[in-house]
Amino acid sequence: MMFEFRVQAVCPETGARAGELVTPHGIIETPVFMPVGTRATVKAMSPREMEEIEAQIVLSNTYHLYLRPGVELIEKAGGLHRFMNWHRPILTDSGGFQVFSLSGINRIKEDGVEFSSHLDGSRHFMTPELATRVQEGLGSDIAMCFDQCVELPCDEETARKSVERTLRWARRCKEVHRRDDQALFGIVQGALFDDLRKDCARELIAMDFPGYSIGGLSVGESHDEMYRILDLLNPILPQEKPRYLMGVGFPTNLVEGVARGVDMFDCVLPTRNGRNGTLLTSRGKFNIKHSRFEEDWGPIDPDCDCYACREFSKAYIRHLYRSGEMLGARLCSWHNLRYLISLMKGAREAILEGRFPQFRDRFHELFSTGKV
Ligand SMILES: Nc1ccc2nc(N)nc(O)c2c1
Ligand SMILES: [Zn+2]
């Protein structure tokens, strides 16, 4: 079986799930945090180091790789796994979101989106068919439909049009998708409008995708608005299929997303924050450049088993960061990635052992102390 999802345990109080996602490049244990490797690399980390921190799957981006180096080159290399020397699962985003958030002057047509490359201003036309074809060329294990994510706030009419277009585009992606060793997920849109979200989910479910992504969130809405949409979709999305919350996120959002039936997460936070010295820890977040760490000989996080926490002091990492040394950004990224991966591993174990409510309470109690 190329692609299979097994729910192994469900928390009776919350509905949080522990599962296994079988893919051609390995089994993913969920809930899972997926590090983002936009341009075929998780910034500052080698594949060997990613294996050491037990990353199970990484994300890459159709939009970026289509523009540079181009899918043709990656196909000549034997696909994205060979090109980047990462032989565990890869998920690719379709470019729907990036075209709107990164490219210059984009014009949405029924057929697709006309946009200018953020690299050199060249004009391109991305369609659902092309986005699907590129992902098949990259050879990711999990691909995304080409969708339209609207900016918030937006009126209901705009959101409704984006849902209808997203559904038409999802049908077109599904029609041209051929690789049976690649799972194509539908993406639920609908902004913050309950009926649109429900209608979009139901239409996608009728198309019978192997997994469902929740798009259009982590785009500036409040935590409560995000949680309201998750509470709405949780009972509607098929229990036996994986749910992927796109672009999330911050530790509290991960734990609360798991509590609302989400299985998969991705976010640039750990590496982006790592590069600016912001550290995510079991006791909250802080920035290493603060003077209070000048003579702090302790680890970033006493509860963390990562290389940065085992081998270096905050004082040293602060020195690296202030000196603009690359090792500073590497160690901070290394820790942040391991912290989020461990957080999801801990949630999974708690669900399997029937103690997820206690895990969730303990997490919030410790994380909110902010006592580093
Ligand atoms: N917050 C996000 C992040 C990535 C996304 N990717 C796609 N394709 N669609 C969305 O709505 C996203 C939202
Ligand atoms: Zn650490």
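Remember, predicted model here, so these are calculated numbers, not experimental data. (Residues numbered from 1 in each chain as written. Chains lettered and ligands numbered in written order. Predicted model: local features only at pLDDT ≥ 70, side-chain atom pairs only at ≥ 80, totals over all residues. Heavy atoms only, no water.)

What to know about the coordination of the zinc ion (ligand 2)
For clarity, the cut-off: Coordination shells were defined by N, O and S atoms within 2.8 Å of each metal, extended to 3.2 Å for Na, K and Ca; water is absent from the atom set, which can make sites look incomplete. Helical segments are the DSSP runs of H or I of at least four residues, strand segments are the runs of E of at least two, and each set is numbered from the N terminus. A simple rule labels every residue: compare its accessible area, found with a 1.4 Å probe on the protein chains alone, to the largest value its type can have, and call it buried under 20%, exposed over 50%, or partly exposed in between.
At 2.1 to 2.3 Å from the zinc ion (ligand 2) lie its protein donor atoms, namely Cys304 (SG), Cys306 (SG), Cys309 (SG) and His335 (ND1). The sequence motif formed by the donor residues of the zinc ion (ligand 2) is C-x1-C-x2-C-x25-H. Taken as a pair, Cys304 in the loop between strand 16 (284–287) and helix 12 (307–311) and His335 in helix 14 (residues 326–352) lie far apart in primary sequence, 31 residues in all. For the pair Cys304 and His335, one class covers both residues: buried.

Focus: a positive patch on the surface
Rules: Within this analysis, patches are made of residues with over 30% relative accessible area and no salt bridge. Like charges are joined at 9 Å or less; nonpolar side chains (Val, Leu, Ile, Met, Phe, Trp, Tyr) at 5 Å or less. Accessibility throughout is a Shrake-Rupley quantity obtained with a 1.4 Å probe, and a residue counts as covered only by protein chains that appear here. Any carboxyl oxygen of Asp or Glu that lies within 4 Å of a side-chain nitrogen of Lys or Arg is treated as forming a salt bridge with it. The charged-residue count follows a simple rule in which Lys and Arg add positive charge and Asp and Glu add negative charge, with His and chain termini not counted at all. For charged residues, the charge sits on one atom: NZ in Lys, CZ in Arg, CG in Asp, CD in Glu.
A surface patch of like charges, here positive, comprises Arg39, Lys43, Arg68, Arg272 and Arg275. Mapped onto the secondary structure, Arg68 falls in the loop between helix 2 (62–67) and helix 3 (71–76). Judged by relative accessible area, Arg68 falls into the partly exposed class, the value being 46%.

Side note on the packing of helix 6 (residues 128–138) against helix 7 (residues 156–176)
Our working definition: Only the stretch in contact is used when fitting a helix axis, every axis being a line fitted to C-alpha atoms; angles between N-to-C directions are given from 0 to 180 degrees. Just so you know how the angles are binned, under 35 degrees is roughly parallel, over 145 roughly antiparallel, 65 to 115 roughly perpendicular, and the rest oblique. Each crossing gets its hand from how the near helix is turned against the far one by less than a right angle, where anticlockwise is left-handed and clockwise is right-handed. Residue contacts are defined here by distance: any two heavy atoms, one from each residue, within 4.5 Å place the two residues in contact. The residue classification treats Ala, Val, Leu, Ile, Met, Phe, Trp, Tyr, Cys and Pro as nonpolar and Asp, Glu, Lys and Arg as charged. All others, Gly included, are polar.
Relative to each other, helix 6 and helix 7 sit at 45°, their axes nearing to 8 Å. It follows from the interaxial angle that helix 6 and helix 7 lie oblique. With respect to the hand of their crossing, helix 6 and helix 7 are arranged in right-handed fashion. Taking contact as the criterion, the partners of Pro128, Glu129, Thr132 and Glu136 in helix 6 are, on helix 7, Trp169, Arg172, Cys173 and Val176. Here the contact of helix 6 with helix 7 is composed, by residue class, of four nonpolar, one polar and three charged.

Here we look at the site of ligand 1
This is how it is decided: Near, as used in this document, describes a residue that has one of its heavy atoms within 4 Å of the molecule or strand being considered. Within 3.5 Å is the distance limit for a polar contact, defined as a pair of N or O atoms, with the added protein rule that one can donate a hydrogen and the other accept it, and that residues adjacent in sequence qualify only through two side-chain atoms.
If you check the shell around ligand 1, you find 13 residues, and the closest are Asp93, Asp147, Gln189, Gly216 and Leu217. In this structure, a nitrogen atom belonging to ligand 1 sits 2.7 Å away from a side-chain N or O atom of Asp93. Take Gly216: an N or O atom from its main chain is 2.7 Å from an oxygen atom of ligand 1. Here ligand 1 has 320 Å² of accessible area as a free molecule, and 95% of this is covered by the chains. For the shell around ligand 1, the class distribution of residues is five nonpolar, six polar and two charged.

As for the sheet that holds strand 8 (residues 113–116)
Adjacent strands of a sheet form backbone hydrogen bonds with each other and so pair up, either parallel or antiparallel. Selection criterion: For two strands to be treated as a pair, DSSP must find at least two bridges joining them.
Spatially, the three strands line up as an open sheet ordered 7-8-9, and their pairing is antiparallel. One side of each edge strand has no neighbouring strand; the edge strands of this open sheet are strand 7 (104–108) and strand 9 (123–126). Strand-to-strand twist of the sheet, defined as the mean angle between neighbouring strand axes without regard to direction, takes the value 20°. Relative to strand 8, strand 7 is paired through three bridges, and the arrangement is antiparallel. Bridge pairing in strand 8 links Arg107 to Glu114.

Let's talk about the nonpolar core
Nonpolar side chains tend to gather and get buried jointly when the protein is soluble and globular. Defined as follows: Residues belong to one nonpolar core when they are buried, are Ala, Val, Leu, Ile, Met, Phe, Trp, Tyr or Cys, and are joined through side-chain atoms within 4.5 Å.
Grouped together as the largest cluster of nonpolar side chains are 100 residues, with contacts concentrated most on Phe33, Met50, Leu204, Leu245, Phe265, Leu343 and Phe356. Considering every element that reaches this core, the biggest residue donor is helix 14, with 12 residues. Setting aside residues no more than four positions away along its own chain, Leu204 makes contact with Leu167, Ala170, Gly186, Ile187, Val188, Phe209 and Tyr212. Judged by nonpolar contacts, the second largest core, of 18 residues, contains Leu21, Ile28, Met246 and Met264.

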